[in-house]
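Results of the structural survey
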Amino acid sequence: MAAGIQPRVLVYLGALLARWVAAGLEAAVIGEVHENITLPCGDISGPRGLVTWYRNDSEPVFLLSSNSSLPPAEPRFSLANASSLHIEALSLQDEGNYTCREVLNETQWFQVWLQVASGPYQLEVNISTTGSLPNGTLYAAQGSQVDFSCRSNSRPSPMVEWWFQAPHSRNEPFGNNLTVSCFTLLLMSRNLQGNYTCSAMNMLSGRHRKVTTELLVYYPPPSAPQCWAEMSPGLFKLQLTCRWDGGYPDPDFLWTEEPGSVVVGSSKLGVEMLNQSQLSDGKKFKCLGSHVVGPESGASCVVQIRSPSLLSEPMKTCFIGGNVTLTCKVSGAYPSAKILWLRNLTQPEVVIQPNSHYLITQNGQRSTLTIRNCSRDLDEGYYVCRAENPVGVREVDIWLSVKEPLNIGGIVGTIVSLLLLGLAIISGLMLYYSPVFCWKVGNTFRGQDMNDVMVLVDSEEEEVEEEEDAAGVEEEDANEREELPKEIHKHGHIHRVTALVNGDVDRMGNGLQALQDDSSEQQSDIVQEQDRPV
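Residues numbered from 1 in each chain as written. Predicted model: local features only at pLDDT ≥ 70, side-chain atom pairs only at ≥ 80, totals over all residues. Heavy atoms only, no water.

1. A closer look at the environment of Val-146
By secondary structure assignment, the location of Val-146 is in strand β11 (residues 146–155). Take Val-146: its relative accessible area is 1%, and that puts it in the buried class. Taking the C-alpha atoms as reference points, Val-146 and Leu-187, 41 residues apart in sequence, are found 7.8 Å from one another. Residues contacting Val-146, with those up to four places away along its chain left out, are Ile-127, Ser-128, Thr-129, Ala-140, Phe-183, Thr-184, Leu-185 and Met-188. (Helix = DSSP H or I, 4+ residues; strand = E, 2+ residues; numbered from the N terminus. Buried < 20%, exposed > 50% of the residue type's maximum accessible area, 1.4 Å probe, protein only. Contact = heavy atoms within 4.5 Å.)

And the structure:
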């Protein structure tokens, strides 16, 4: 009988549901897949009557009844609080309309709309980058194009948002409330390095999931690497150092010996230590820097090591009680040489230390040793300038002589006396051999308009000699009187006179001519007197 009544009940139930839906008395309940849900049978408190639950598909389907003689359609259906339908392990197929019929004093119908949400599950973020590190961190080259996508298994489709957080800053929405699952950055820059978060939220269930991915922006150094060699502190070894700054992350370095590309060592620091046995003058070492986003061939630099050469004066002199400076200059050394001063006589192989007696200064590869208050017993002898670097050692000897101080005043006086004596001799010779020149010099100071007459007269000694020789040469003089000009007789002495009048050579010549004329007249008068009879 129950089987015969059931179709009519269902038809009647369908008619009531149609009217109930039209009346807008539907309740909505949201559940999630794999979770449990309870559907209420109306909003009634107090004793409840006979309750029966149906699923409204194309036609009503019996699910559960408070009548214990009617088993539930599935074990996961049960009655809660004497009237509510409890469903375990929801699935997407459970979504739909449910109807509760209650019979107490009267029959009442209640409808519930069940919505089943799923996800978001398995949120998948894809970033098309240049590469990834062993720990999974992604990196992109500066200036490259990067594609972003975010997908999830969700019902209904979730709302997707992208957030970006730069280092040491707060989290911000990427773009203007970006709600799309895919976008592209055409030109990556350094300020776009940070954490990218894809957030997906199921708008039905309110369930929220997010995935954060760190993205690094790499860029190679902008300039060429630099490398150099130096002595290691505290150790007499050669330290090779290579730097290639300005990139991110730090590059890798490989040192090789050239030629032959013999590997010396590789590291992130670019520093290698070499023993003296690995060194020789003129050897070259090459540093090859490589970067994860740099040029495939990398970048390199080369250093060539050299032993030092020394330049110095071989001998120096110091006066007792004075100071002297010895100079030593190093050239051609690479790396730079250490310069030491030693005494190879009194204290061989003992380095001279600066004190009140020795002053040592160094400017670059030039060193000076100043010895104060020189002493012959203490300071005279050989001094050694030593230059050493890991490639080689060079030494040069300098001999220091300590002497008594010179009498500078006496030397200066002697030099001045000699100069004055030489000047006097030169002046006397000029006066003796060139009177005309002396007259011109004197006339220059007197001026051209002076009427002075300069007369040069033979000295008294010459007059005496002429008187003594007068008797011997009297006859010769008598013969010569006919041919020579007339001499001037004064006080019994004979003088030969040459006069310059007003500094005029022409007038001097006229004066000589006049003198000759006078002499001729006097000679003529003498001849006439001789011809006169006695």
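That shown, we press on.
2. A short note on the sheet that holds strand β19 (residues 252–258)
One open sheet accounts for four strands, arranged β20-β19-β22-β23; its pairing is antiparallel. The sheet terminates laterally at β20 (262–267) and β23 (299–304), the two strands that pair on one side only. The mean angle between the axes of side-by-side strands here comes to 20°, regardless of whether they run parallel or antiparallel. (Pairing = 2+ DSSP bridges. Axes fitted to C-alpha atoms, helices over the stretch in contact; angles between N-to-C directions.)

3. Here's the deal with the sheet that holds strand β17 (residues 226–231)
Strand order in this open sheet of three strands is β17-β18-β21, and the pairing throughout is antiparallel. Each having just a single partner strand, β17 and β21 (271–274) make up the two edges of the open sheet. Neighbour-to-neighbour, the strand axes of the sheet open up by a mean angle of 20°, direction not taken into account. In this structure, β17 lies alongside strand β18 (residues 238–243), joined through six bridges in antiparallel fashion. Each residue of the ladder has a partner; that of Gln-226, found in β18, is Arg-243.

4. Some thoughts on the pattern of salt bridges
Applying the stated criterion across every chain yields a total of 11 salt bridges. Here Glu-74 makes a salt bridge to Arg-76, at a shortest N to O gap of 2.7 Å. Under the relative-accessibility criterion, Glu-74 is labelled partly exposed at 33%. With its nearest N and O atoms 3.4 Å apart, the salt bridge here joins Glu-313 to Lys-316. Using a relative accessible area of 42% as the deciding quantity, one classes Glu-313 as partly exposed. Linked by salt bridges that have partners in common, Glu-32, Glu-35 and Arg-207 make up one network. (Salt bridge = Lys/Arg side-chain N within 4 Å of Asp/Glu carboxyl O.)

5. Some remarks on the state of the cysteines
What the rule picks out here adds up to six disulfides. Between the sulfur atoms of Cys-227 and its disulfide partner Cys-301 the distance amounts to 2.2 Å. With Cys-227 in strand β17 and Cys-301 in strand β23, this pair connects stretches of sequence that are 74 residues apart. With relative accessibility at 14%, the residue Cys-227 sits in the buried group. Judged by relative accessible area, Cys-301 falls into the buried class, the value being 12%. (Disulfide = S-S within 2.5 Å.)

6. Some thoughts on the confidence of the model for the protein
When pLDDT is averaged across the protein, the result is 80; 74% of the residues are at 70 or more. Note that residues 1–24 has pLDDT below 50 and, in this model, 18 contacts with residues that lie over four places away or in other chains. When the criterion is pLDDT under 50, residues 522–534 qualifies, and its contacts beyond four places in sequence or with other chains add up to six contacts. (pLDDT = per-residue confidence, 0-100.)

7. Let's talk about the side chain of Ser-307
Topologically, Ser-307 is positioned in the loop between β23 and β24 (309–312). Here the side chain of Ser-307 touches Arg-394 through a polar contact of 3.4 Å, side chain to side chain. In contact with Ser-307, other than residues within four places in its own chain, are Asp-281, Gly-332, Ala-333, Asn-389, Val-391, Gly-392 and Arg-394. (Polar contact = N/O pair within 3.5 Å; in protein donor to acceptor, adjacent residues only side chain to side chain.)

8. Regarding the pairing of strand β4 (residues 60–65)
One face of the sheet, then the other: side chains in a regular strand alternate in exactly this way. Bridge count for strand β3 (residues 50–56) against β4 is five bridges, and the pairing is antiparallel. In the sheet register, Asn-56 faces β4, and the bridge partner there is Pro-60. Between the antiparallel neighbours β3 and β4 lie three residues.

9. Topic: the environment of Thr-212
Of note, Thr-212 is situated in strand β16 (residues 208–218). For the pair formed by Thr-212 and Ser-199, sequence separation is 13 residues and the distance between their alpha carbons is 8.7 Å. Not counting residues up to four positions away in its chain, the partners in contact with Thr-212 are Asn-195, Tyr-196 and Thr-197. Within the structure, the side chain of Thr-212 is placed 2.9 Å from the side chain of Thr-197, a separation counted as a polar contact.

10. Digging into the packing of aromatic side chains
Applying the stated criterion across every chain, the model contains 10 aromatic pairs. Here the aromatic rings of Tyr-219 and Tyr-248 are separated by 6.2 Å at their centres, their planes lie at 35°, and the arrangement is tilted. Here the residue Tyr-219 occupies a position in the loop between β16 and β17, and Tyr-248 occupies one in the loop between β18 and β19, the gap between them amounting to 29 residues. By the ring-pair criterion, three or more aromatic residues cluster together here, those being Phe-148, Trp-162, Phe-164, Phe-183 and Tyr-196. Across from the ring centre of Tyr-219, 3.7 Å away, lies the NZ or CZ of Arg-190, which sits over that ring. The residue whose ring lies beneath Arg-343 is Tyr-383, and the NZ or CZ to ring-centre distance is 4.2 Å. (Phe/Tyr/Trp six-rings, centres within 6.5 Å; stacked < 30°, edge-to-face > 60°. Lys NZ or Arg CZ within 6 Å of the ring centre and 35° of its normal.)

11. Some words on the environment of Asp-57
Its place among the elements puts Asp-57 in the loop between β3 and β4. Between the C-alpha atoms of Asp-57 and Tyr-98, which are 41 residues apart in sequence, the distance is 9.0 Å.

12. Observations concerning a nonpolar patch on the surface
A contiguous nonpolar surface patch, about 850 Å² in accessible area, is contributed by Phe-319, Leu-406, Ile-408, Ile-411, Val-412, Ile-415, Val-416, Leu-419 and Leu-420. The element contributing the most residues to the nonpolar patch is helix α3 (residues 408–433), with seven residues. Within the secondary structure, Leu-420 sits in helix α3. (Patch = residues over 30% accessible without salt bridge, like charges linked within 9 Å, V, L, I, M, F, W, Y side chains within 5 Å. Areas by Shrake-Rupley, 256 points an atom, 1.4 Å probe, with all protein chains shown as cover.)

13. Things to note about the side chain of Arg-55
By secondary structure assignment, the location of Arg-55 is in strand β3. Note on Arg-55: relative accessible area 14%, which makes it buried. Sequence-distant contacts of Arg-55, that is, excluding residues within four places in its chain, are made with Pro-60, Val-61, Leu-63, Gln-93, Asp-94, Glu-95, Gly-96, Asn-97 and Tyr-98.

14. Looking at unusual backbone geometry
Residue Pro-120 is bonded to the preceding Gly-119 through a cis peptide linkage, with omega at 5°. Among the structural elements, Pro-120 can be located in strand β8 (residues 107–128). Along the chain, Arg-155 connects to Pro-156 via a cis peptide bond; the corresponding omega equals -5°. Here Pro-156 is to be found in the loop between β11 and β12 (159–165). The phi angle at Gln-122 is positive, at roughly 50°, despite the residue not being glycine. When you line up the elements, Gln-122 lands in strand β8.

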